[in-house]
Amino acid sequence: MTAADLSRVDVPLADLIARVDALTAERRARMTAGLLAEDRHQCDPTDTLFATLPCPHPELCSTADDYPGFDAWITQQQNLNTAARRNQ
């Protein structure tokens, strides 16, 4: 790489700081927008309606017989999770 090449990619510190500040502001704005969207979803009045959609067709829903051993496995995972949280 020559000095001419470096002069094309060299950026004054003030410009670099401005770019980093702009990227940081954009990241914060996107994070805020995402958190607000999640809050709106948590308060969604139609969530309960959505949750009841499979109920009119129970013959199409999975049962414990479809996944033998899953109940015991999920109970074990929940117990491990609870124990890990208590040890933190």
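This structure is a prediction, so every number in the text was calculated from the model and none was measured.

## Quick notes on the overall build of the protein
A tally of regular secondary structure across the protein gives four helices and zero strands. Helices and strands appear in the protein in the N-to-C order α-α-α-α. On C-alpha atoms alone, the protein measures out to a radius of gyration of 26 Å, which is more than a quarter above the 12 Å that the 2.2 N^0.38 rule sets for 88 residues. Seen through its C-alpha atoms, the protein measures out along the principal axes to roughly 70 × 35 × 30 Å. Buried residues in the protein amount to 0% of all 88 residues.

## A few points about the pattern of salt bridges
Summed over the entire model, instances satisfying the criterion amount to one salt bridge. Glu 26 is paired through a salt bridge with Arg 30; the nearest N and O atoms lie 2.8 Å apart. A residue pair is termed a helical-turn pair when its members lie 3 or 4 positions apart in one helix, as Glu 26 and Arg 30 do in helix α2 (residues 13-42) at four residues. On the basis of relative accessibility, which here comes to 60%, the residue Arg 30 falls in the exposed class.

## Describing the environment of Arg 86
Relative to the helices and strands, Arg 86 is located in helix α4 (residues 70-86). With 70 residues separating them along the chain, Arg 86 and Leu 16 place their C-alpha atoms 45 Å apart.

## Re the packing of aromatic side chains
A complete count under the given rule lists one aromatic pair for this structure. Summarising the aromatic geometry, the rings of Phe 70 and Trp 73 are spaced 5.8 Å apart at their centres and angled 35 degrees between planes, so their arrangement reads as tilted. With Phe 70 and Trp 73 both in helix α4 and three residues apart, the pair spans about one turn of that helix. Exposure remark for Phe 70: the relative accessible area of 39% places this residue in the partly exposed category. Taking relative accessible area as the criterion, Trp 73 reaches 44% and is therefore assigned partly exposed.

## Overview of the confidence of the model for the protein
Taken as a whole, the protein shows an average pLDDT of 85; of its residues, 94% reach a score of 70 or greater. Of all secondary-structure elements in the protein, the lowest mean pLDDT belongs to helix α1 (residues 3-9), at 71, while α4 reaches the highest, 93.

## Some remarks on the environment of Ala 33
Here Ala 33 lies in helix α2. What makes Ala 33 partly exposed here is its relative accessible area of 42%.

Calculation notes
Residues numbered from 1 in each chain as written. Predicted model: local features only at pLDDT ≥ 70, side-chain atom pairs only at ≥ 80, totals over all residues. Heavy atoms only, no water. Helix = DSSP H or I, 4+ residues; strand = E, 2+ residues; numbered from the N terminus. Rg over C-alpha atoms; globule rule 2.2 N^0.38 Å. Buried < 20%, exposed > 50% of the residue type's maximum accessible area, 1.4 Å probe, protein only. Salt bridge = Lys/Arg side-chain N within 4 Å of Asp/Glu carboxyl O. Phe/Tyr/Trp six-rings, centres within 6.5 Å; stacked < 30°, edge-to-face > 60°. pLDDT = per-residue confidence, 0-100.

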